[in-house]
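# Summary of the model geometry
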Protein chains: 2
Amino acid sequence: MSKLDPKLAERLRSNADGLFCAVAQQRGTGEVLMVAWMDGEALYRTLTTRKATYYSRSRQSYWVKGETSGNTQYVHEVRLDCDGDTVLLIVDQKGVACHTGTRTCFDTDILLSDSVE
Amino acid sequence: MSKLDPKLAERLRSNADGLFCAVAQQRGTGEVLMVAWMDGEALYRTLTTRKATYYSRSRQSYWVKGETSGNTQYVHEVRLDCDGDTVLLIVDQKGVACHTGTRTCFDTDILLSDSVE
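What you see is a predicted model, and the numbers here were worked out from it, not measured in a lab. (Residues numbered from 1 in each chain as written. Chains lettered and ligands numbered in written order. Predicted model: local features only at pLDDT ≥ 70, side-chain atom pairs only at ≥ 80, totals over all residues. Heavy atoms only, no water.)

## Quick notes on the interface of chain B and chain A
Our working rule: What makes two residues a contact is simply this: any of their non-hydrogen atoms within 4.5 Å. As a working definition, buried area equals the accessible area (1.4 Å probe) given up by two parts on being put together, with both sides summed. A pair is scored as a salt bridge if a Lys or Arg side-chain nitrogen falls within 4 Å of a carboxyl oxygen belonging to Asp or Glu. Throughout this description, a polar contact denotes any pair of N or O atoms lying within 3.5 Å of each other; where both atoms belong to protein, one of them has to be capable of donating a hydrogen while the other can accept it, and for residues adjacent in sequence the pair is counted only when both atoms sit in side chains. In DSSP terms, a helix is any run of H or I states spanning at least four residues, a strand is any run of E spanning at least two, and both are numbered starting from the N terminus. For this scheme, ten residues count as nonpolar: Ala, Val, Leu, Ile, Met, Phe, Trp, Tyr, Cys and Pro. Four count as charged, namely Asp, Glu, Lys and Arg, and the remainder, Gly too, count as polar. Strands qualify as paired when DSSP identifies two bridges or more between them.
The interface of chain B with chain A comprises 39 residues on the first partner and 39 residues on the second. Buried area between chain B and chain A, summed over both chains or domains, comes out near 3600 Å², and the portion from carbon and sulfur atoms is 58%. When residues of chain B are sorted by the area they lose upon contact with chain A, Phe106, Leu111 and Leu112 of chain B head the list and together hold 20% of the total. At the boundary of chain B with chain A, the tally comes to eight salt bridges. For Asp85 of chain B, the salt bridge goes to Arg57 of chain A, with nearest N and O atoms at 2.6 Å. For the interface between chain B and chain A, the tally reads 20 residue pairs in polar contact (both at pLDDT 80 or more). Counting only elements with at least two residues in the side of chain B that touches chain A, the list comes to helix H1 (6–11), strand E1 (20–26), strand E2 (32–38), helix H2 (40–49), strand E5 (73–80), strand E6 (86–93) and strand E7 (109–112) of chain B. A breakdown of the residues in the side of chain B that touches chain A according to their chemical character gives 20 nonpolar, eight polar and 11 charged. The pairing of strand E5 (residues 73–80) of chain A with E7 of chain B spans three bridges and is classified as antiparallel. Bridging across to E7 of chain B, Leu80 of chain A finds its partner in Asp109 of chain B.

## Observations concerning the UniProt feature "binding site: Zn(2+)" (unreviewed entry) in chain A
Spelled out, the test is: UniProt positions are given in the numbering used here, feature names are shortened, and annotations may be inferred rather than shown by experiment. Partly exposed describes any residue whose relative accessible area lies between the buried limit of under 20% and the exposed limit of over 50%, with all areas from a 1.4 Å probe on protein chains only and scaled to the type maximum.
UniProt tags Cys82, Cys98 and Cys105 of chain A as "binding site: Zn(2+)" (unreviewed entry). These annotated residues cover 24 residues of sequence, and their C-alpha atoms sit far apart, with the largest distance between any two at 27.6 Å. Here Cys82 of chain A shows up in the loop between E5 and strand E6 (86–93). The partly exposed category is assigned to Cys82 of chain A, whose relative accessible area is 35%. With respect to the element layout, Cys98 of chain A can be found in the loop between E6 and strand E7 (109–112). Setting aside its immediate chain neighbours within four residues, Cys98 of chain A contacts Arg103, Thr104 and Cys105 of chain A together with Cys82 of chain B.

## Some points on the relation of the copies chain B and chain A
Definition in use: Residues below a pLDDT of 70 in either copy are left out; the C-alpha atoms of the rest, at least 70 in both, set the least-squares superposition of the copies.
With an RMSD of 0.0 Å, the fit of chain B onto chain A corresponds to turning through 180 degrees and sliding 0.0 Å along the axis. This pairing of chains is accounted for by a two-fold axis. Across chain B, the smallest distance between a C-alpha and the rotation axis is recorded for Gly30 of chain B, namely 2.5 Å. The fraction of interface residues of chain B whose copies in chain A are also interface residues reaches 100%, indicating that both copies meet through the same surface.

## Here we look at the pairing of E5 of chain A
Working note: regular strand, side chains alternate between the two faces of the sheet. All names here are of chain A. Burial runs high along E5: six of the eight residues are buried. By the bridge criterion, seven bridges tie E5 to E6 in an arrangement that is antiparallel. For Glu77, the partnering residue across the bridge sits in E6 and is Ile90. Between E5 and E6, which pair antiparallel in sequence order, lie five residues; one of them, Gly84, sits at a positive phi of approximately 70 degrees.

Right, here's the structure in full:
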């Protein structure tokens, strides 16, 4: 069982895997850094430690962002969306967010852009 | 079958429901407006029309954002993340993004904030 406040837990809408979406955004610049997954316990740890903590679907375990790489996320704000299935984390990202070495996970693969005049 | 380029379709990593995450961000301001879901066909429609088009899990159908409300999203950019399970849409949001009437879906429910000194 998660230690998350039961009243908050009731408002979360998880998917079939028991998880919900977490979007990490850089404070100040507004960069969308990455999207990962949480359950109630990951959210509880994030709220109480201010270290962004996610749930890895592939490893089936919790991970504190940057714990091994040093690229930590200090959490300034957490906001829940209107239907309770996504949280937005406003963070200070140390170093790079992406495991590939880029600043964000969205820096490399552009599927559509404004046409150049 | 989706009309999406098969090479692109191969790079998408969908969840158990056959869907992936789409984050809509306002161009210029960087506001994270909302998070919704897509499949290959929704992405194809978004890329070809530049109108943000999602898949509704509850209604089990495609929806063009703003088609009934007028609060459309014109899509300037689409970026795929490093592991292929999230797209970031850079959009111009007309009016409000949230069905509750707020500008973004994250405006109302703050779970954690910086303590006021």
